[in-house]
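Given next are the chains, with one letter for each unit.
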Amino acid sequence: MAQETLSARVVDQTGQALPHAVIFAMGLPEETAPSESPLPEAVMDQKNKQFAPRVLAVTRHQHVAFPNSDNIRHHVYSFSEPKRFELKLYADSPEAPVLFDRPGIVVLGCNIHDNMVGYIFVANSRYVSQTDADGWATLHDLPGRPPQLGIWHPDLLDASQPLALSLPPSDDSTPIEFAVTLGLPTTEPIPDRFRRR
């Protein structure tokens, strides 16, 4: 089966490029088991009392390391349904990375620093990418042209779930542009109901 490449650009409602948006193929066969080839370890760092990157896209069954590059300790946690975990107060790096084995949106917080909020988007297959500073992202080695493209960013007007956008039928790899509507940037602390008591 011939493999395809799909390039897409994501802009906001004013036409400005949207960096760090997650794009992924929808409607292709799901990969429900770990790949025979080990997935590379992803990294969600902590720098200047912020998660870096703010948004990280990974594949289901991928491990994520949480190094602490600050000279103070952090206490990372998530109460999101796809992955509930806690890395208690630490410096440097935890003993082991965290496995993300369920698809969905994982919101990260720090129990010490209220304004630290990060996001891990766990895709159900390896056909996932993130936009660069100019809003471009590319999906490689697709087993066919997906009927829809999923797009997610924490600043979407409704960021509770990805947008599902239909792709125009095409036999080539012509780049596509999608415009999405953003709300206010989500820089506020995680609400109290998600915070560890």
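Quick caveat, the model's predicted, so the values are computed rather than measured. (Residues numbered from 1 in each chain as written. Predicted model: local features only at pLDDT ≥ 70, side-chain atom pairs only at ≥ 80, totals over all residues. Heavy atoms only, no water.)

## Describing the sheet that holds strand β17 (residues 176–179)
Then step 1. Taken in spatial order, the three strands line up as β14-β1-β17 in an open sheet, and their pairing is mixed. Of all strands in the sheet, those with a lone pairing partner are β14 (136–142) and β17, marking the two edges. Looking at each pair of strands side by side, their axes are set apart by 25 degrees on average, direction ignored.
Then step 2. Relative to β14, strand β1 (residues 4–11) runs antiparallel, the two sharing five bridges. The residue bridging Glu4 from the neighbouring strand is Leu142, located in β14. (Pairing = 2+ DSSP bridges. Helix = DSSP H or I, 4+ residues; strand = E, 2+ residues; numbered from the N terminus. Axes fitted to C-alpha atoms, helices over the stretch in contact; angles between N-to-C directions.)

## Thoughts on the nonpolar core
Then step 1. One finds Val22, Ile23, Leu149 and Trp152 to be the most contacted residues of the largest nonpolar core, which totals 31 residues.
Then step 2. For this core, the elements supplying multiple residues, two or more each, are β1, β2 (22–26), β6 (55–59), β12 (117–123), β14, β15 (148–152) and β17.
Then step 3. Dropping the residues within four chain positions of it, Ile23 is found in contact with Ala8, Val10, Tyr127, Val128, Ser129, Thr131, Ala137, Leu139, Leu149, Gly150 and Ile151. (Core = buried A, V, L, I, M, F, W, Y, C linked by side-chain atoms within 4.5 Å. Buried < 20%, exposed > 50% of the residue type's maximum accessible area, 1.4 Å probe, protein only. Contact = heavy atoms within 4.5 Å.)

## Some details on the pattern of salt bridges
Then step 1. Considering all chains together, one arrives at four salt bridges under this definition.
Then step 2. Where Arg84 meets Glu81, a salt bridge forms, and the shortest distance between an N and an O atom there is 2.7 Å.
Then step 3. Close ionic contact of Glu81 with Arg102 constitutes a salt bridge, the shortest N to O distance being 4.0 Å. Here Glu81 is found in the loop between β8 (74–80) and β9 (83–90), whereas its partner Arg102 is found in the loop between β10 (98–100) and β11 (104–110), with 21 residues between them in sequence.
Then step 4. One salt-bridge network, held together by shared partners, links Glu81, Arg84 and Arg102. (Salt bridge = Lys/Arg side-chain N within 4 Å of Asp/Glu carboxyl O.)

## Details of the packing of aromatic side chains
Then step 1. Taken as a whole and judged by the stated rule, the model has seven aromatic pairs.
Then step 2. Pairing Phe66 with Phe100 gives two aromatic rings, centres 6.5 Å apart and planes at 35 degrees, and the pair type is tilted. Separated by 34 residues along the polypeptide, Phe66 in the loop between β7 (62–65) and β8 and Phe100 in strand β10 bring together distant segments of the chain. Here Phe66 matches Phe100 in class, with each residue buried. (Phe/Tyr/Trp six-rings, centres within 6.5 Å; stacked < 30°, edge-to-face > 60°.)

## As for the pairing of β17
Then step 1. The side-chain alternation of β17 yields one buried face, formed by Ile176 and Phe178, and one unburied face, formed by Glu177 and Ala179.
Then step 2. For β1 and β17, the ladder comprises four bridges, and the chain directions are parallel. Bridging across to β17, Val10 finds its partner in Phe178.

## Quick look at the environment of Pro38
Then step 1. Tracing the sequence through the fold places Pro38 in the loop between β2 and β3 (42–43).
Then step 2. For the pair Pro38 and Gln62, spaced 24 residues apart in sequence, the C-alpha separation works out to 8.5 Å.

## A look at the confidence of the model for the chain
Then step 1. When pLDDT is averaged across the chain, the result is 88; 87% of the residues are at 70 or more.
Then step 2. Between the elements of the chain, mean pLDDT differs from a low of 92, seen in β17, to a high of 98, seen in β3.
Then step 3. Across residues 191–197, where pLDDT falls below 50, the model places 14 contacts with residues more than four positions away in sequence or in other chains. (pLDDT = per-residue confidence, 0-100.)

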